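Chain residues, written in single-letter form:
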Amino acid sequence: MPHRSTPRGRSRKRGAPHPHPLRFLRLRLCLCSSPPPRRAMELPRSACSKEHHKIYAAWFAVADPDGDGRVTGADATKFFAMSGLSRADLKQVWAIADSKRQGFLGFGEFVSSMQLVSLAQAGEEISQDSLKREDLSSLDPPVMEGLDELLARSKAVTHDPLTAVTSVIDGLKRLYIEKLKPLEVAYRFNDFASPLLTNSDFDAKPMVMLLGQYSTGKTTFIKHLLETSYPGAHVGPEPTTDRFVVVMSGSDERTIPGNTIAVQADMPFTGLTTFGGAFLSKFECSQMPHPLLDHITFVDTPGVLSGEKQRTQRSYEFTGVTSWFAAKCDLILLLFDPHKLDISDEFKRVISSLRGHDDKIRVVLNKADQVDTQQLMRVYGALMWSLGKVLNTPEVVRVYIGSFNDKPVNETAVGPIGKDLFEKEQEDLLCDLKDIPKKACDRRVNEFVKRARAAKIHAYIIGHLKKEMPAMMGKAKAQQRLIDNLGDEFAKVQREYHLPAGDFPDVEHFKQVLGGYNIDKFEKMKPKLVQAVDDMLAYDIPELLKNFRNPYE
């Protein structure tokens, strides 16, 4: 059978030189399996000839009986059994093909799995590197016993509509609607903590947010990873980025105003409407076709100003917006440069707004080649000292040192030892970035569980405050007393329900929001709603993860 390589197969130039010595191109190569920039990809995972593409498309229709575009573990066990491979080999095939641990195979992953099966049938050892072989596009499809009969039979079969959960994300959507959302609505959790979730919040691509003072290289960092500029990008020594810019994948290059993007139901930004038109006028979405943006969305932020400028010159709640994005993001990069190590009061408040997301924070000392080795040691020590006063954690925060721009490293200043250090540090940071798409599903589950626990504690607090209100007289005085002594009331709730103190919300923020409500109008404690969330955490989520793990384990 003749084979013709796709354009993607011809675009591999692993040995090609790159103008930057640190070769940030490897990040895009790893995430996107070497697709040429700005070209549509038929197969997002592995290249194959057009003839094989047609064959695998027909096979995928058989392996996906409900026609939802996903081959689940149960579907795979039936289909892969026709290969005649051992259970151990098929376990390895699934683990490599479903490297993102989504619990299902899309068409691209399915093609990869079939190519791995073909290699295993030929007696070759399979690994993640097997998908990087140069001859992969010409590899014959595997031998599948009994598949021809199923193909003939499937032509006359019509698919029933989807009725069952076919991925971890779908399962979380259903659990949220059926068990968690009723609790949030009953006790107005969305007004105190985070807006109600929509389908777009679950389906959104992983996001990386960059924070720092002006001119620390946030916009340049994104441009460097993309190896090109993006619509609306502007770089300069002055505070140039005056708005929040979401850089994401799109069919063409354009910018979308904040008011427009915030009302689009298929975008995960509808919750930003709570910050008002003043913020939305300083928010925009920059779209462009790029293979890296098919996997990750970047959030570029305005440089944090010093002194009173932050509060007097911004017409919206800057720390509230950063806190909202922090809850949505998978990684938060705090950028510093050697000449801007001071952490202003406002930057300290911004970092404090990231409370509860410590596991997402990475610190980057950018433009480190602007000082020599001796000065760099002093700068690093000063930065660690400054961060120690702001990040109230017993662990030492990880600081990456490098120069993230298109210019070669200034070896005259840092010397060969410094250059080698930069390369190793940036490799470590790249590993973090490369792992984001693979860990996206796990991160969704983690954030969902955190939200469920926070909503449950919120319900306990509101139920307790409601119970403390008098039945008839003196309600206004009782409410004011409860608000004034809210810290003590939190302690009572903690002791009564044996809850961890670290999971409770910030007292001052809770006071501020609670002051706008009449406590007597809240719902009484409904044990059934809380019990439903407890059952979800104890049984439903573990069962969901069990159903969509590697089916051969």
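Along every chain, residues carry numbers that run from 1 in the direction the sequence is written. In view of the model being predicted, local features appear only for residues whose pLDDT reaches at least 70, and side-chain atom pairs are presented and counted only at 80 or more, with totals across whole chains, interfaces and linings using the full set of residues. Hydrogens and waters are ignored; side-chain quantities use all the structure's heavy atoms.

### Observations regarding the overall build of the chain
A count of helices and strands for the chain gives 22 helices and ten strands. Taking all 553 residues of the chain together, 50% fall into the buried category. Counting only contacts in the chain whose residues sit at least 6 apart along the sequence, the fraction spanning at least 24 positions is 80%. Under the convention used here, a 1.4 Å probe and the Shrake-Rupley method define accessible areas, while residue burial counts only the protein chains that appear. Element-wise, carbon and sulfur atoms account for 51% of the exposed surface of the chain, whose accessible area totals about 26300 Å². Only DSSP runs of H or I reaching four residues or more are called helices, and only runs of E reaching two or more are called strands; each is numbered from the N terminus. Buried means the residue's accessible area, taken with a 1.4 Å probe over protein chains only, is under 20% of the maximum for its type, while exposed means over 50%, and partly exposed covers the values in between. Every residue pair with non-hydrogen atoms within 4.5 Å of one another is taken to be in contact.

### Concerning helix α17 (residues 373–390)
A rise of 1.5 Å per residue sets the reference length of α17, with its 18 residues, at 26 Å; its end C-alpha atoms lie 26 Å apart and thus fit the reference within 8%. Considered for burial, the residues of α17 that qualify are Leu376, Val379, Leu383, Ser386, Leu387 and Val390. With its buried residues spanning 95° around the axis, α17 presents them on a single face. α17 presents Gln374, Met377, Arg378 and Trp385 as exposed residues on the side facing more than 90 degrees away from its buried surface. Helix span is expected to be 1.5 Å times the residue number reduced by one. Along the arc lie the directions from the helix axis toward the C-beta atoms.

### Remarks on the side chain of lysine 367
Position of lysine 367 relative to the elements: it lies in the loop between β9 (361–365) and α17. For the buried residue lysine 367, which engages in no salt bridge, the nearest side chain bearing the opposite charge is aspartate 337, 4.1 Å off. Not counting chain neighbours up to four residues away, the residues in contact with lysine 367 comprise Ser215, Thr216, Gly217, Asp337, Pro338, Gly402 and Ser403. Here Asp and Glu are counted as negative and Lys and Arg as positive; His is not counted, and neither are the chain ends. What makes a salt bridge here is a side-chain nitrogen of Lys or Arg within 4 Å of a carboxyl oxygen of Asp or Glu, nothing more.

### Re the pattern of salt bridges
Applying the stated rule across the entire model yields 26 salt bridges. Across the pair aspartate 170 and arginine 70 runs a salt bridge, and its minimum N-O distance is 2.5 Å. In this pair, aspartate 170 sits in helix α8 (residues 168–186) while arginine 70 sits in the loop between α3 (50–63) and β1 (71–72), placing the two residues 100 residues apart along the sequence. On the basis of relative accessibility, which here comes to 18%, the residue aspartate 170 falls in the buried class. Overall, the relative accessible area of 21% leaves arginine 70 in the partly exposed class. In this structure, the salt-bridge partner of arginine 243 is glutamate 284, at a minimum N-O distance of 4.0 Å. Here glutamate 284 lies in strand β6 (residues 283–288) and arginine 243 lies in the loop between α11 (218–226) and β4 (244–249), a separation of 41 residues in the sequence.

### Digging into the UniProt feature "domain: EF-hand" (unreviewed entry) in the chain
UniProt positions are given in the numbering used here, feature names are shortened, and annotations may be inferred rather than shown by experiment. According to UniProt, the "domain: EF-hand" (unreviewed entry) feature falls on residues 85–120. Note that residues 85–120 is 69% helix and 6% strand, and that its end C-alpha atoms are spaced 8 Å apart.

### Structural notes on the packing of helix α5 (residues 87–97) against helix α6 (residues 107–121)
It is at 9 Å that the axes of α5 and α6 come closest, and there the two elements cross at 145°. Between α5 and α6 the crossing geometry is right-handed. Contacts from Val93, Ile96 and Ala97 in α5 reach Glu109, Ser113, Leu116 and Val117 in α6. Residue polarity is assigned by list, with Asp, Glu, Lys and Arg as charged and Ala, Val, Leu, Ile, Met, Phe, Trp, Tyr, Cys and Pro as nonpolar; anything else, Gly included, falls into the polar class. Tallied by class, the residues present in the contact of α5 with α6 amount to five nonpolar, one polar and one charged. To obtain each axis, a line is fitted to C-alpha atoms, and for helices this fit is confined to the stretch in contact; angles are then taken between N-to-C directions over 0 to 180 degrees. Helix crossings fall into two classes, left-handed where the near helix is turned counterclockwise from the far one by less than a right angle and right-handed where it is turned clockwise.

### Thoughts on the packing of aromatic side chains
Pairing of aromatic side chains here covers Phe, Tyr and the six-membered ring of Trp, requires ring centres within 6.5 Å, and sorts the geometry by plane angle: under 30 degrees stacked, over 60 edge-to-face, intermediate tilted. Summed over the entire model, instances satisfying the criterion amount to 28 aromatic pairs. Between the NZ or CZ atom of arginine 70 and the centre of the ring of phenylalanine 104, over which it lies, the distance is 4.6 Å. Whether a charge sits over a ring comes down to the Lys NZ or Arg CZ being within 6 Å of the ring centre and within 35 degrees of the ring normal.

### Looking at α11
Of all nine residues that make up α11, seven are buried, and the element is covered over most of its length. Of the residues making up α11, those classed as buried are Lys218, Thr219, Phe221, Ile222, His224, Leu225 and Leu226. Just downstream of α11, glutamate 227 is the residue with a positive phi angle, here 60°.

### Quick look at the sheet that holds β4
For two strands to count as paired, DSSP must find a minimum of two bridges between them. As summarised here, the arrangement of the eight strands in space is β5-β6-β4-β7-β3-β8-β9-β10, forming an open sheet in which the pairing is mixed. The open sheet has two edge strands with one neighbour each: β5 (254–257) and β10 (399–401). Neighbour-to-neighbour, the strand axes of this sheet turn through a mean angle of 25°, independent of strand direction. Examined bridge by bridge, strand β8 (residues 331–336) and β9 share five bridges and lie parallel to one another. Of the residues in β9, the one forming a bridge with phenylalanine 336 is leucine 365. Relative to β10, α17 is tilted by about 155°, and along the sheet it contacts β8, β9 and β10.

### Examining the nonpolar core
Residues enter a nonpolar core if they are buried and are Ala, Val, Leu, Ile, Met, Phe, Trp, Tyr or Cys, with the set joined through side-chain atoms within 4.5 Å. Phe269, Phe279, Phe283, Phe325 and Phe336 are the most contacted members of the largest nonpolar core, which totals 50 residues. Among residues more than four places away in sequence, those in contact with phenylalanine 325 are Met209, Phe244, Val246, Phe269, Leu272, Phe279, Phe283 and Val299.

### Some remarks on the environment of phenylalanine 298
Mapped onto the elements, phenylalanine 298 comes out in strand β7 (residues 297–300). Under the relative-accessibility criterion, phenylalanine 298 is labelled buried at 2%. Sequence spacing of phenylalanine 298 and threonine 219 is 79 residues, and the spatial spacing of their C-alpha atoms is 10.0 Å. The contacts of phenylalanine 298, once residues within four sequence positions are left out, are Val208, Leu210, Ile222, Leu225, Val245, Val246, Val247, Leu292 and Leu293.

### Overview of the pairing of β7
Within a regular strand, side chains alternate between the sheet's two faces. Residues Thr297 and Val299 line one face of β7 and the alternating positions Phe298 and Asp300 line the opposite face, and both faces are buried. In this sheet, β7 lies alongside strand β3 (residues 207–212) in parallel orientation, the contact comprising four bridges. Across the sheet, leucine 210 pairs through a bridge with aspartate 300, a residue of β7. Here three bridges tie β4 to β7, and the two strands are oriented antiparallel to one another. Bridging across to β7, valine 245 finds its partner in aspartate 300.

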